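What follows is the residue order along each chain.
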Amino acid sequence: AQKVTQAQTEISVVEKEDVTLDCVYETRDTTYYLFWYKQPPSGELVFLIRRNSFDEQNEISGRYSWNFQKSTSSFNFTITASQVVDSAVYFCALSDSSGGYQKVTFGIGTKLQVIP
Amino acid sequence: EAQVTQNPRYLITVTGKKLTVTCSQNMNHEYMSWYRQDPGLGLRQIYYSMNVEVTDKGDVPEGYKVSRKEKRNFPLILESPSPNQTSLYFCASKGGKPSGNQPQHFGDGTRLSIL
């Protein structure tokens, strides 16, 4: 069975601070995929990043970076120099072979508020 | 423009009155899925479909039906809606193999209120 835990339900930071959103997952598979999605106040869901279990290389995209560690089953997301536009709910998600890679389990989301 | 379109965007209705939420995608994707989003519970998968006439249950299928008669459409049917189905619903599709790791494209959501 697959499970995703986002222990931080809400985070508030002041603009320009760095913030890390935690994601811990559970799976029995050796092949699985992890995702992060952003849901701004307007409500749509926006894909941010995908990672497969064989690629532990960290990734940086502008102010965003992701730290994937299989040893701790974590896929954390860091925003550097946060901006008000980063205010959103962020979801971590997992798919593995238990659902034929067709069932996707989402965490409950972390609501990030960036205060100007 | 590549998109997933849901209708209606908002609906207030009463218990027991059958309703259908339509979902259409123009990307020729084989895989489509429905989710509901509730406070404190995140997104939970209701049903998914790997191709025409191929559907399967997600984590919370009770009280819902789906059909996949055409590749582009994947309607969500509530035969006898109840107040606990009040929620925000998202339809999604993804390209590549249904078992692949492509990210999903989501519709803009449908907010259902069942009184």
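Please refer to the structure placed before this passage.
Since this is a predicted model, take the numbers as computed values, not measurements. (Residues numbered from 1 in each chain as written. Chains lettered and ligands numbered in written order. Predicted model: local features only at pLDDT ≥ 70, side-chain atom pairs only at ≥ 80, totals over all residues. Heavy atoms only, no water.)

Draft legend 1. Main features of the packing of aromatic side chains. According to the stated counting rule, one finds 19 aromatic pairs over all chains in the structure shown. Ring geometry for Phe106(A) and Tyr35(B): centres 5.4 Å apart, planes at 80°, overall edge-to-face. Of this pair, Phe106(A) sits in strand β11 (residues 104–106) while Tyr35(B) sits in strand β4 (residues 31–38), on two different chains. For Phe106(A), a relative accessible area of 5% gives the class buried. For Tyr35(B), a relative accessible area of 0% gives the class buried. (Phe/Tyr/Trp six-rings, centres within 6.5 Å; stacked < 30°, edge-to-face > 60°. Helix = DSSP H or I, 4+ residues; strand = E, 2+ residues; numbered from the N terminus. Buried < 20%, exposed > 50% of the residue type's maximum accessible area, 1.4 Å probe, protein only.)

Draft legend 2. Spatial organisation of the pattern of salt bridges. Counted according to the given criterion, the structure contains 7 salt bridges over all chains. A salt bridge links Asp55(A) to Arg51(A); the nearest nitrogen and oxygen atoms lie 3.5 Å apart. Under the relative-accessibility criterion, Asp55(A) is labelled partly exposed at 26%. According to the relative accessible area criterion, Arg51(A) is buried, its value standing at 6%. The salt bridge partner of Lys65(B) is Glu79(B), with a shortest N-O separation of 2.9 Å. Here Glu79(B) lies in the loop between β8 (76–78) and β9 (87–94) and Lys65(B) lies in strand β7 (residues 65–66), a separation of 14 residues in the sequence. For Lys65(B), a relative accessible area of 42% corresponds to the partly exposed category. Take Glu79(B): its relative accessible area is 35%, and that puts it in the partly exposed class. Connected via shared salt-bridge partners are Arg51(A), Asp55(A) and Glu59(A). (Salt bridge = Lys/Arg side-chain N within 4 Å of Asp/Glu carboxyl O.)

Draft legend 3. Seen up close, the side chain of Thr13(B). Residue and element names in this part refer to chain B. Structurally, the position occupied by Thr13 is in strand β2 (residues 10–13). With relative accessibility at 9%, the residue Thr13 sits in the buried group. For Thr13, the residues in contact, after removing those within four places along its chain, are Leu19, Ser113, Ile114 and Leu115. (Contact = heavy atoms within 4.5 Å.)

Draft legend 4. View of the interface of chain A and chain B. With 20 residues of chain A in contact, the opposing surface of chain B contributes 25 residues. With both chains or domains summed, chain A and chain B bury close to 1800 Å², and 54% of this area falls on carbon and sulfur atoms. When residues of chain A are sorted by the area they lose upon contact with chain B, Leu45(A), Gln102(A) and Lys103(A) head the list and together hold 33% of the total. Counting across the chain A and chain B interface gives 1 salt bridge. Here Asp59(B) makes a salt bridge to Lys103(A), at a shortest N to O gap of 3.3 Å. (Buried area = accessible area lost by both parts, 1.4 Å probe.)

Draft legend 5. The arrangement of a nonpolar patch on the surface in detail. All names here are of chain B. A cluster of nonpolar side chains, contributed by Ile12, Val14 and Leu115, occupies part of the molecular surface with about 330 Å² of accessible area. By secondary structure assignment, the location of Ile12 is in strand β2. For Ile12, a relative accessible area of 63% gives the class exposed. (Patch = residues over 30% accessible without salt bridge, like charges linked within 9 Å, V, L, I, M, F, W, Y side chains within 5 Å. Areas by Shrake-Rupley, 256 points an atom, 1.4 Å probe, with all protein chains shown as cover.)

Draft legend 6. Representation of the environment of Val89(A) within the structure. All names here are of chain A. When you line up the elements, Val89 lands in strand β10 (residues 88–96). Between the C-alpha atoms of Val89 and Val13, which are 76 residues apart in sequence, the distance is 14 Å. Residue contacts for Val89: discarding those within four places in its chain leaves Tyr37, Lys38, Gln39, Gly109, Thr110 and Lys111.

Draft legend 7. Broad picture of the side chain of Asp96(A). All names here are of chain A. With respect to the helices and strands, Asp96 occurs in strand β10. The charged side chain of Asp96 is buried without a salt bridge, its nearest counter-charge being Lys103 at 8.5 Å. A polar atom in the side chain of Asp96 sits 2.6 Å from the side chain of Thr27. (Lys, Arg positive; Asp, Glu negative; His and termini not counted. Polar contact = N/O pair within 3.5 Å; in protein donor to acceptor, adjacent residues only side chain to side chain.)

Draft legend 8. Molecular detail of the sheet that holds β7(B). Residue and element names in this part refer to chain B. Taken in spatial order, the 4 strands of this open sheet run β1-β3-β8-β7, and their pairing is antiparallel. In the strand order of this sheet, the two ends are held by β1 (4–7) and β7, each with one partner. Taken together, the 2 bridges between β7 and β8 define a ladder with antiparallel strand orientation. Each residue of the ladder has a partner; that of Lys65, found in β8, is Ile77. (Pairing = 2+ DSSP bridges.)

Everything listed here is a matter of coordinates, which is why it stays silent on function.
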